[in-house]
Amino acid sequence: MGFRGLEADQRVLAAHGCYALTATTGLTAQNTLGVQDIFIVPAEFVKKQINAGLEDVGADVVKLGMSVASSILSTNH
């Protein structure tokens, strides 16, 4: 099985000489048969993840992936 989602994005960026930081918005319990459950990371914690990365490394580009809750998207970062 190939890499999908976050892992795939990081591998593609690394192959092009780029460095990736991530802020995880949701965790899945899944296997090849399907998704059994999703845990939504609280929006305030996602904000802390994003701010920590921006304070340390900064960002030239931002890519949005899985956003599992509207509260995460509407949080002022």
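Structure shown above.
Looking at chain direction, strand β1 (residues 26-31) and strand β2 (residues 34-40) are connected through six bridges and run antiparallel. Opposite glycine 26, over in β2, you have isoleucine 40 as the bridge partner. Here β1 hands over to β2 after two residues, the two strands then running antiparallel side by side.

Another aspect to go through is a nonpolar patch on the surface. A cluster of nonpolar side chains, namely Tyr19, Leu21 and Val57, defines an oily patch on the protein surface of about 340 Å² accessible area. When you line up the elements, leucine 21 lands in the loop between α1 (6-15) and β1. We classify leucine 21 as partly exposed; its relative accessible area is 45%.

Cut-offs used in this document
- Residue numbers here run from 1 along each chain, matching the order of that chain's written sequence.
- With the structure being a predicted model, the display of local features is reserved for residues of pLDDT at least 70 and the display and counting of side-chain atom pairs for 80 or more, all residues being used for whole-chain, interface and lining totals.
- Excluded from the side-chain calculation are hydrogens and water; included are all heavy atoms of the structure.
- Strand pairing follows a simple DSSP-based rule, namely that at least 2 bridges must link the two strands.
- To qualify as a helix, a DSSP run of H or I must reach at least 4 residues; to qualify as a strand, a run of E must reach at least 2; elements of each kind are numbered from the N terminus.
- Only residues whose relative accessible area exceeds 30% and that take part in no salt bridge are eligible for patches, with like-charged residues grouped when within 9 Å of each other and nonpolar side chains (Val, Leu, Ile, Met, Phe, Trp, Tyr) grouped when within 5 Å.
- Here the Shrake-Rupley method, with its probe set to 1.4 Å, supplies the accessible areas, and only the displayed protein chains count as covering residues.
- By definition, a salt bridge exists where a carboxyl oxygen of Asp or Glu is found within 4 Å of a side-chain nitrogen of Lys or Arg.
- For each residue, the accessible area found with a 1.4 Å probe, counting protein chains only, is set against the maximum for its type, and the residue is called buried under 20%, exposed over 50%, and partly exposed in between.

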